[in-house]
Protein chains: 2
Amino acid sequence: MTYEDSIHLGEFNLIRRFFMRESDSQSPKIHQSEQISRVLLGIGDDCALLSSPPDHQSLAVTSDMLVENRHFFSNANPFFLGQKSLAVNLSDLAAMGASPIGFTLSIALPEINEQWLSEFSKGLHLIADRYACPLIGGDTTAGPLTISITAIGQIPPGQSLSRHLAQPNDDIWVSNVLGDARFVLGAIRGEWQLPMSIEHLTHRMHTPTPRIELGQSLRGIAHAAIDVSDGLLGDLNHILKASQLDATIWIDQVPSSAELMEVSHELRRMCTLKGGDDYELCFTASEHNRHAIENISRTLNLSLTRIGIVTARSKNLKPSQAQLISPTQTLIDHEGHTLSPELSALYLQSFDHFKSI
Amino acid sequence: MTYEDSIHLGEFNLIRRFFMRESDSQSPKIHQSEQISRVLLGIGDDCALLSSPPDHQSLAVTSDMLVENRHFFSNANPFFLGQKSLAVNLSDLAAMGASPIGFTLSIALPEINEQWLSEFSKGLHLIADRYACPLIGGDTTAGPLTISITAIGQIPPGQSLSRHLAQPNDDIWVSNVLGDARFVLGAIRGEWQLPMSIEHLTHRMHTPTPRIELGQSLRGIAHAAIDVSDGLLGDLNHILKASQLDATIWIDQVPSSAELMEVSHELRRMCTLKGGDDYELCFTASEHNRHAIENISRTLNLSLTRIGIVTARSKNLKPSQAQLISPTQTLIDHEGHTLSPELSALYLQSFDHFKSI
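Keep in mind that what you see is a predicted model, and the values were worked out from it rather than measured.

**Some details on helix α12 (residues 341-348) of chain B**
Among the residues of α12(B), those classed as buried are Ser344(B), Tyr347(B) and Leu348(B). End-on, the buried residues of α12(B) take up no more than an arc of 95 degrees, which puts them together on one face.

And the structure:
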């Protein structure tokens, strides 16, 4: 009597058919010079097995969950969705300065749509291959479309870019440009009319680029880092809160695409300061490292822009209060004026997955 | 201007309020003699950071997703659900012989129900504390109730209990008793009438016990292991397929509770052989280790029962065919008779999360 004969396209075959590849334990590494923890046993056992990272490297672990109609539209292109699902997790590894080791995928599917699964898997593996981060395990089940990924990376001991490590007088930097994802989303939703075709910008929303190489290059150079997923000022607030510091931001120096430069100040600010879904890195570093950071920018062919400065806490707080009181971000416009409290409040409200229900 | 003032019970506070505890990075370890990878940085950054496991231990990683109305009822007790959500992942670590290090939780919630979250979190932390497996990170979002956990453990190099390591002539063992979870589920569903109160058995369905200590004790003693989550014969089939072997099972020697001993042969067999949700360990070991296994049973105060034997493949296959052909499980009843192919087929059909849509 055989057991699997009775299962046609069941759970186990689903993983094997669409997600499992022979090559996953032998993926090429983007940083060949860096010794990476190897996958000893991938999909198909109770657990994946990884060899211990060499040289006592620390492990970085991150999890993100994407839900239909909340993080993506029902008709989302599955090839792009596969890419984005993994990219947003790799973006968290990048923000710690970690090198990817592998990831697990748990996915609930309302039905078995072979075409959809095939495209989703292709997108997923495209990013997995590009960043040398093989699929090592996971779970599939029936249910409302939900994609849950946990990515694991490694970092040399003491070199992680944690949120609590910002220092007073640090420069605040961001990579590339911000706001395009929100700009495109608003256009799709009909929130604003656009003077130009934004077809070529949609990839910024659908297929964000995790800044893995940048994160690795900033080890020992930057102090704190975060990936901009929920809006620049809101995410920067996490760094400031964890470091118990304040900041001044020159909001009109936040870099944006040529297309966003053509719209009104107000719309550009909304998109760049609180847009979300950018997956660029925001990091802080001593002014003494400006030259090193400009060199990284050239090496990676990735623009890096100074947008502000970390400051000591303006309020005189007891240590017991310091963790409870929210940081102050002073926003300065292109004419050198400090924004009014009312206008600042508008930009400082960030996206929250629960607030927006 | 403050940022978090504007968020009342948003995503970040949700984690902090219900899931984050000061003590999570200093949980007591159940096996104090074993050096465990430490949590360097828990909830509240882009990633959790773990120190490298000592002595070049391998890492075990497992993910499970639980979906409302598929894996649990809508009115499920959140305290029990919290326990079970983590326990099923720890059961996978147990089946590899791994010691837990920590876990991430990604959860989609249809609403913020403080009472529900508080109870769920209590159940989760009860198991986390019992097995020294702290929450290290995760994600919360709005969406249909879905619980996705990834657990990480460590194993001394070369000592993992993998599915492909069974040997011909190995004894096949199971821990404790099987079938109660399915027995209770059937009663709740009205599939069968019961002669007795089964109130005291419901904990076997709601709060399974991950056999972490058993898995650790079997390192170097058992060859292959799996946790019985989808039904004994179906799960055993995974071992046989991975090891390219067959088996003979004395089906009426599969241990069951006193309550299940009182029902018909047929019902007991259905529950014990293909019931699922047991989370006991099924493992194979050389007959030379029977004495050692009986000692483990005494030490852990946990019954371990021999239920069959691994056999060489009955069909003469070319190596290229071996991975494609399903294993043969010969089922023997209490009178020593081999079951008919028709009856065997009935028991060999396992639960599949997609097949049952």
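**Digging into unusual backbone geometry**
One non-glycine residue, Asn169(A), adopts positive backbone phi at about 75 degrees. Within the secondary structure, Asn169(A) is located in the loop between β6 (146-155) and β7 (171-175). Despite not being glycine, Gln244(B) shows a phi value in the positive range, around 55 degrees. Relative to the helices and strands, Gln244(B) resides in the loop between α7 (232-243) and β9 (246-250).

**As for the sheet that holds strand β7 (residues 171-175) of chain B**
Residues and elements named next belong to chain B. An order of β8-β10-β7-β11-β9-β12 is seen for the six strands of this open sheet, with the pairing classed as mixed. Whereas interior strands pair on both sides, the edge strands pair on one side only; in this sheet they are β8 (224-227) and β12 (329-332). With strand direction ignored, the average angle separating the axes of adjacent strands in the sheet is 25 degrees. Strand direction decides the pairing type here: β7 and strand β10 (residues 281-285), joined by four bridges, are antiparallel. The partner of Asp 171 across the bridge, within β10, is Ala 285. In this fold α7 packs onto β7, β8, β9, β10, β11 (304-311) and β12, with an angle of close to 145 degrees to the strand it touches most, β8.

**Digging into the confidence of the model for chain A**
All names here are of chain A. Summary statistics for chain A give a mean pLDDT of 86 and a share of 87% for residues scoring 70 or more. Scored below 50 in pLDDT, residues 25-33 shows 13 contacts in the model against residues more than four places distant or in partner chains. Low confidence marks residues 352-357, where pLDDT is under 50. Its contacts with residues over four positions away, or in another chain, come to 25 contacts. With pTM at 0.89, the complex prediction returns an ipTM value of 0.87.

**Structural notes on the domain arrangement of chain A**
Residue and element names in this part refer to chain A. One can read the domain layout of chain A as domain 1 (3-155) and domain 2 (163-347). Each side of the interface is counted separately: domain 1 has 22 residues, and domain 2 has 20 residues. Approximately 1700 Å² of surface area, both sides summed, lies buried where domain 1 meets domain 2, with 61% of it carried by carbon and sulfur atoms. At the surface where domain 1 touches domain 2, the tally comes to one salt bridge. Taking the shortest distance from any N to any O, the salt bridge between Lys 84 and Asp 277 comes out at 2.8 Å. The tally of links between domain 1 and domain 2 comes to six residue pairs in polar contact (both at pLDDT 80 or more). Those elements giving two or more residues to the side of domain 1 that touches domain 2 turn out to be α2 (78-96), β4 (99-109) and β6. When the residues that make up the side of domain 1 that touches domain 2 are grouped by side-chain class, the tally is 13 nonpolar, six polar and three charged.

**Concerning the packing of helix α9 (residues 265-274) of chain A against helix α12 (residues 341-348) of chain A**
Residue and element names in this part refer to chain A. Two numbers describe how α9 lies on α12: the axes approach to 9 Å, and their chain directions differ by 50 degrees. Classed by the angle they form, the pair α9 and α12 counts as oblique. Taking contact as the criterion, the partners of Glu 266, Arg 269, Met 270, Leu 273 and Lys 274 in α9 are, on α12, Leu 343, Leu 346 and Tyr 347. Looking at the contact of α9 with α12 residue by residue, the class counts come to five nonpolar, no polar and three charged.

**Focus on the sheet that holds β6(A)**
With respect to topology, six strands assemble into an open sheet ordered β5(A)-β4(A)-β6(A)-β3(A)-β2(B)-β1(B), the strand pairing being mixed. Looking at the sheet topology across the chains shown, the edges are occupied by β5 (135-142) of chain A together with β1 (39-41) of chain B. Looking at each pair of strands side by side, their axes are set apart by 20 degrees on average, direction ignored. Judged from the nine bridges that link them, β4(A) and β6(A) form a sheet pairing that is antiparallel. The residue of β6(A) that forms the bridge with Leu105(A) is Ile149(A). Each of β3 (58-67), β4 and β6 of chain A together with β1 and β2 (48-50) of chain B is contacted by α2(A), which is oriented at about 35 degrees to β6(A), the strand it contacts most. Its contacts with the sheet place helix α3 (residues 114-130) of chain A against β4, β5 and β6 of chain A, and it is angled at close to 165 degrees to β4(A).

**Observations concerning the pairing of strand β9 (residues 246-250) of chain A**
Residues and elements named next belong to chain A. By the criterion of burial, β9 is predominantly enclosed, with four of the five residues buried. With four bridges connecting them, β9 and strand β11 (residues 304-311) associate as antiparallel partners. Residue pairing across strands places Thr 248 opposite Ile 309, the latter belonging to β11. Across four bridges, the pairing between β9 and strand β12 (residues 329-332) is parallel. Looking at the pairing, Ala 247 lines up with Gln 329 of β12.

**Some details on the pairing of β11(A)**
Taken together, the five bridges between β7(A) and β11(A) define a ladder with antiparallel strand orientation. Considered in β11(A), the bridge of Ile172(A) is made with Gly308(A).

**With respect to the packing of aromatic side chains**
Residue and element names in this part refer to chain B. In total, this model carries six aromatic pairs over all chains according to the counting rule given. Judged by centre distance (6.0 Å) and plane angle (40 degrees), the rings of Phe 79 and Phe 80 are tilted. The class for Phe 79 is partly exposed, based on a relative accessible area of 24%. Classification of Phe 80 by relative accessible area gives partly exposed; the value is 31%. Plain terms: the ring middles of Trp 116 and Phe 120 are 5.0 Å apart, the flat faces sit at 10 degrees to each other, and that makes the pair stacked. Here Trp 116 and its partner Phe 120 are both found in helix α3 (residues 114-130), four residues apart, which amounts to about one turn of the helix.

**Thoughts on the pattern of salt bridges**
One pass over the full model with this rule turns up 18 salt bridges over all chains. The partner of Arg163(A) in a salt bridge is Asp46(B), and the shortest N-O contact between them spans 3.1 Å. Residue Arg163(A) is found in the loop between β6 and β7, and its partner Asp46(B) is found in the loop between β1 and β2; the two belong to separate chains. For the pair Arg163(A) and Asp46(B), one class covers both residues: buried. A salt bridge links Lys122(B) to Glu119(B); its shortest N-O distance comes to 3.3 Å. Placement of both Lys122(B) and Glu119(B) in helix α3 is noted, with a separation of three residues, approximately one turn of the helix. For Lys122(B), a relative accessible area of 48% translates into the label partly exposed. Taking relative accessible area as the criterion, Glu119(B) reaches 23% and is therefore assigned partly exposed. Within the structure, one salt-bridge network assembled from shared partners comprises Arg182(A), Arg189(A) and Glu191(A).

How each quantity is defined
- Residues numbered from 1 in each chain as written.
- Chains lettered and ligands numbered in written order.
- Predicted model: local features only at pLDDT ≥ 70, side-chain atom pairs only at ≥ 80, totals over all residues.
- Heavy atoms only, no water.
- Buried < 20%, exposed > 50% of the residue type's maximum accessible area, 1.4 Å probe, protein only.
- Helix = DSSP H or I, 4+ residues; strand = E, 2+ residues; numbered from the N terminus.
- Arc of directions from axis to C-beta.
- Pairing = 2+ DSSP bridges.
- Axes fitted to C-alpha atoms, helices over the stretch in contact; angles between N-to-C directions.
- Contact = heavy atoms within 4.5 Å.
- pLDDT = per-residue confidence, 0-100.
- Domains from an automatic or database assignment.
- Buried area = accessible area lost by both parts, 1.4 Å probe.
- Salt bridge = Lys/Arg side-chain N within 4 Å of Asp/Glu carboxyl O.
- Polar contact = N/O pair within 3.5 Å; in protein donor to acceptor, adjacent residues only side chain to side chain.
- Nonpolar A, V, L, I, M, F, W, Y, C, P; charged D, E, K, R; others polar.
- Parallel < 35°, antiparallel > 145°, perpendicular 65-115°, else oblique.
- Phe/Tyr/Trp six-rings, centres within 6.5 Å; stacked < 30°, edge-to-face > 60°.

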